[in-house]
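Structural overview
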Amino acid sequence: MARLFYTFRPPDSFSFATQLLTWSRMFRVFMYFKNHPYPHGWQQAPWMLAAGVRYEWKPQPERALEQLAPFHATHRDWMVGHVAYPMTAYVWPGISAKPCLCGFPDIYFFIPEILVWVYPDQVQIGIHGSETEARRIFEEISKSRVDLPQLRHPLSIHPVLTRKQYLDTVHAILHHIQRGDCYELNFCQLFTSDPVKISPVETFMQLPPAPFSLCYRLHDAYLLCASPERYLLKRDRQILMQPMKGTIRRGSNTQEDAQLRLFLQQSPKERAENTIVVDLIRNDLSRTAVPGSVKVTEWLKIYSYPTVHQMISTICSEMDTPYQIGDLLATTFPMGSMTGAPKKKVLELIDHYESWPRGIYSGAAGYITPEGDMEMNVMIRSLLYTPEAQRVYYHAGSGITCYCNPEDEWEECLIKTRQLADIRI
Ligand SMILES: C=C(O[C@@H]1C=C(C(=O)O)C=C[C@H]1O)C(=O)O
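Note that the structure is predicted; figures quoted are calculated from it, not measured. (Residues numbered from 1 in each chain as written. Predicted model: local features only at pLDDT ≥ 70, side-chain atom pairs only at ≥ 80, totals over all residues. Heavy atoms only, no water.)

1. Considering the overall build of the protein chain
Here is the rule: Helix numbering and strand numbering both begin at the N terminus, where a helix is a DSSP run of H or I of at least 4 residues and a strand a DSSP run of E of at least 2. Radius of gyration here is computed from C-alpha atoms only, and the compact-globule reference equals 2.2 Å multiplied by the residue count raised to the power 0.38. Note on classification: 1.4 Å probe, protein chains only; a residue is buried when its accessible area is under 20% of the maximum for its type, exposed when over 50%, partly exposed between these limits. Charge assignment in this entry is limited to Lys and Arg as positive and Asp and Glu as negative, and neither His nor the chain termini are counted. Working definition for charges: the position is that of NZ of Lys, CZ of Arg, CG of Asp or CD of Glu.
On a plain count of helices and strands, the protein chain comes out with 11 helices and 20 strands. Here the C-alpha atoms of the protein chain give a radius of gyration of 21 Å, agreeing with the 22 Å that 2.2 N^0.38 yields for 425 residues. When the backbone C-alpha atoms are referred to their principal axes, the protein chain occupies close to 65 × 55 × 40 Å. A buried classification covers 60% of the 425 residues belonging to the protein chain. Put simply, the protein chain has 43 plus and 44 minus side-chain charges, and the middle of one group is 2 Å from the middle of the other.

2. Observations concerning the site of the ligand
As a reminder, the rule being used: The near set for a molecule or strand comprises every residue that places at least one heavy atom within 4 Å of it. Each polar contact in these results corresponds to two N or O atoms within 3.5 Å; when the atoms are within protein, one needs to be able to donate a hydrogen and the other to accept it, and residues that are neighboring in sequence are counted only if both atoms are side-chain atoms. Surface exposure here means Shrake-Rupley accessible area, sampled with a 1.4 Å probe, where a residue is shielded only by the protein chains that are shown. Three categories are distinguished: nonpolar for Ala, Val, Leu, Ile, Met, Phe, Trp, Tyr, Cys and Pro, charged for Asp, Glu, Lys and Arg, and polar for the others, with Gly belonging to the last.
Neighbouring the ligand are 20 residues, the closest being E229, G246, T247, Y361 and R381. In this structure, an oxygen atom belonging to the ligand sits 3.1 Å away from a main-chain N or O atom of M244. Between an oxygen atom of the ligand and a side-chain N or O atom of K245, the distance comes to 2.9 Å. Coverage of the ligand by the protein chains reaches 100% of its 390 Å² of free accessible surface. At the level of elements, strand 13 (244-249), strand 20 (391-400) and helix 11 (406-417) are the ones that each hand at least two residues to the shell around the ligand. Top contributing element to the shell around the ligand by residue count: strand 20, with five residues. Residue classes in the shell around the ligand are distributed as five nonpolar, nine polar and six charged.

3. Some remarks on the UniProt feature "domain: Chorismate-utilising enzyme C-terminal" (unreviewed entry) in the protein chain
Using the following cut-off: UniProt positions are given in the numbering used here, feature names are shortened, and annotations may be inferred rather than shown by experiment.
The positions UniProt marks with the feature "domain: Chorismate-utilising enzyme C-terminal" (unreviewed entry) are residues 163-416. Measuring from the first to the last C-alpha atom of residues 163-416 gives 16 Å, for a span that is 33% helix and 34% strand.

4. Describing the nonpolar core
What counts here: The nonpolar core is taken to be a set of buried Ala, Val, Leu, Ile, Met, Phe, Trp, Tyr and Cys residues, with the residues joined through side-chain atoms within 4.5 Å. By the convention used here, residues are in contact when the closest approach between their heavy atoms is within 4.5 Å.
Of all hydrophobic cores here, the largest spans 133 residues; its most connected members are Y32, F104, V116, I125, L214 and Y231. With 10 residues, the single largest contributor to this core is strand 5 (residues 107-118). Setting aside residues up to four positions removed in sequence, Y32 forms contacts with A17, T18, L20, L21, W47, M48, L49, F204, S213, L214 and C215. In this structure, M244, V308, I312 and I415 belong to the second largest nonpolar core, which totals seven residues.

5. Comments concerning helix 1 (residues 13-24)
Applicable threshold: Multiplying one less than the number of residues by 1.5 Å gives the expected span of a helix.
Taking 1.5 Å per residue as the helical rise, helix 1 with its 12 residues ought to reach 16 Å, and the 16 Å between its terminal C-alpha atoms agrees with that figure. Counting buried residues in helix 1 gives nine out of 12 residues, a clear majority hidden from the surface. Within helix 1, burial applies to S13, F16, A17, Q19, L20, L21, T22, W23 and S24. The N-cap residue of helix 1 is D12: its side-chain oxygen and the backbone nitrogen of F14 are 3.1 Å apart.

6. Observations regarding unusual backbone geometry
Leaving glycine out, the prevailing phi sign among residues is negative, and the prevailing peptide bond configuration is trans. Cis geometry marks the peptide bond from H36 to P37; its omega dihedral reads 5 degrees. On the secondary structure map, P37 appears in the loop between strand 2 (29-34) and strand 3 (47-57). With an omega of -10 degrees, the peptide bond running from F333 to P334 counts as cis. Phi is positive for R76, which is not a glycine, with a value near 45 degrees. Structurally, R76 is set in the loop between helix 2 (64-75) and strand 4 (79-83). At S362, a position not held by glycine, the phi torsion is positive, near 80 degrees.

7. Notes on the environment of S144
Note that S144 resides in the loop between helix 4 (131-143) and strand 7 (157-159). With 128 residues separating them along the chain, S144 and F16 place their C-alpha atoms 9.0 Å apart.

8. Let's talk about the side chain of S24
Mapped onto the elements, S24 comes out in helix 1. Reaching out from S24, the side chain makes a polar contact with the backbone oxygen of L21 at a distance of 2.6 Å. Filtering out sequence-adjacent residues up to four positions away, S24 remains in contact with F30 and L49.

9. Brief notes about the pattern of salt bridges
Put simply, the rule reads: Take a side-chain nitrogen of Lys or Arg and a carboxyl oxygen of Asp or Glu: if they are within 4 Å of each other, that pair is a salt bridge.
Tallied over the full model, the rule gives 25 salt bridges. R230 is paired through a salt bridge with E375; the nearest N and O atoms lie 3.0 Å apart. Placement of the pair is R230 in strand 11 (residues 230-235) and E375 in strand 18 (residues 374-377), with a sequence separation of 145 residues. On the basis of relative accessible area, E375 is assigned to the buried category, the value being 0%. Between D284 and K343 there is a salt bridge, with the nearest N and O atoms lying 2.9 Å from each other. Of the two residues, D284 is situated in helix 8 (residues 268-286) and K343 in helix 10 (residues 343-353); the sequence distance between them amounts to 59 residues. Look at D284 and you get buried, because its relative accessible area is 3%. Here the salt bridges do not stand alone but share partners, grouping K269, E270, E273 and E409 into one network.

10. Comments concerning the packing of helix 2 against helix 9 (residues 325-332)
To keep it simple, the criterion reads: Here, axes are lines fitted to C-alpha atoms. For helices the fit covers the stretch in contact, and angles between N-to-C directions go from 0 to 180 degrees. By definition in this entry, angles of less than 35 degrees are roughly parallel, angles greater than 145 are roughly antiparallel, angles of 65 to 115 are roughly perpendicular, and the rest are oblique. By convention, the crossing between two helices is left-handed when the near helix turns anticlockwise from the far helix through less than a right angle, and right-handed when the turn is clockwise.
Between helix 2 and helix 9, whose axes approach to 7 Å, the crossing angle comes to 155 degrees. By the criterion of interaxial angle, the relationship of helix 2 to helix 9 is roughly antiparallel. Between helix 2 and helix 9 lies a crossing of right-handed hand. In contact with L65, L68 and A69 of helix 2, helix 9 contributes I325, G326, L329 and A330.

11. Side note on helix 11
A rise of 1.5 Å per residue sets the reference length of helix 11, with its 12 residues, at 16 Å; its end C-alpha atoms lie 17 Å apart and thus fit the reference within 8%. Within the span of helix 11, buried status applies to P406, E409, W410, E412, C413, I415, K416 and T417.

Structure below.
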């Protein structure tokens with residue numbers, strides 16, 4: 001039986017979306033996507049849930065990207081999952097595959113039992129079952145109670161590197177840049193909490209809105225993500241990538257905020273950083289594109305989020321006929337905004353200078369449609385948690401170029417942790 005979608009009308013979609021997230025907790029595997037209130041985020045619906053495992057795909061990472069399209073063709077259904085940073089080792093031989101601190105596998109996709117799309121005026125439930133079954137699910141979600149427990153303690157995280165160690169490392173990277181080994185390197189650092197116990201869903205609910213947010217549970221591993229960045233959108237053969245480079249904090253009043261935004265827009269350093277990545281991505285996309293189809297359709301545009309302004313560019317291409325989704329990932333992963341350029345050299349340097357694993361951070365998560373369209377985010381601004389480790393992990397990084405002042409890069413990483421400032425556990 002094919003998956004069928006049934007439509008329902010809840011009294012209030014916003015409340016229903018919150019009930020949906022509460023309800024999802026009973027599944028050991030789920031991914032809850034949220035782009036509300038940003039229209040440029042996930043395209044499918046403002047809120048989406050993929051829950052329960054109908055089939056799962058846990059390939060050997062060595063052959064995974066070759067096997068992705070054939071697995072998808074066998075089922076022709078929705079697939080939801082992630083590609084973690086250690087997959088780099090299989091795309092770029094010689095780079096080590098440091099395993100994720102929370103145990104997320106290098107690559108994993110599942111075909112969900114239940115899909116729920118929540119739009120402002122309706123809800124669609126997609127299952128391999130009857131309308132009666134879909135109605136039972138709809139009613140069960142509608143009855144879920146959203147009880148926010150009394151949360152009192154701030155979530156406190158601290159960098160693993162001291163400020164001095166961080167600055168020394170950035171100076172070492174700058175030395176490589178001055179020698180001509182590379183010209184931009186996205187250096188990321190790790191933050192951790194002391195031992196804590198959190199309720200992952202309640203913690204996710206407190207993250208500020210972002211266009212590529214998601215709450216992901218894979219058995220005992222949780223990822224609570226408020227990413228503002230798109231990695232890939234594939235519609236038929238049209239491909240779109242939107243690297244983000246250039247970050248500045250929000251101002252404390254309208255005037256200061258507008259000044260900061262203008263400063264970012266005009267900063268030669270940030271414009272150069274972004275343009276280097278645009279060029280890298282034009283090159284990556286050209287490997288699967290119809291010749292002449294790679295185009296920069298938006299260059300250095302500023303988008304504003306609750307705690308930061310970001311500079312984003314958009315690069316499009318038309319994927320040529322012999323290529324499939326696995327080829328697209330193999331030629332663009334890891335995304336240029338999280339590596340720098342030239343890619344091969346900076347991957348080696350990242351491997352050397354980041355002694356902690358990026359794991360699922362700096363990878364991508366998203367979905368593949370039955371038609372083979374695909375949408376993936378860049379996994380940044382994310383909390384990682386396992387009840388077993390009782391520790392929260394967070395990473396933050398920034399692009400190092402010859403223009404950079406190491407102290408400012410340290411500050412930029414701290415600004416990226418500010419979205420956690422109001423979280424209570
Ligand atoms: C590395 C991170 O962000 C990346 C670096 C950015 C920058 O240098 O301005 C912006 C977005 C991301 O591509 C992060 O948020 O941890």
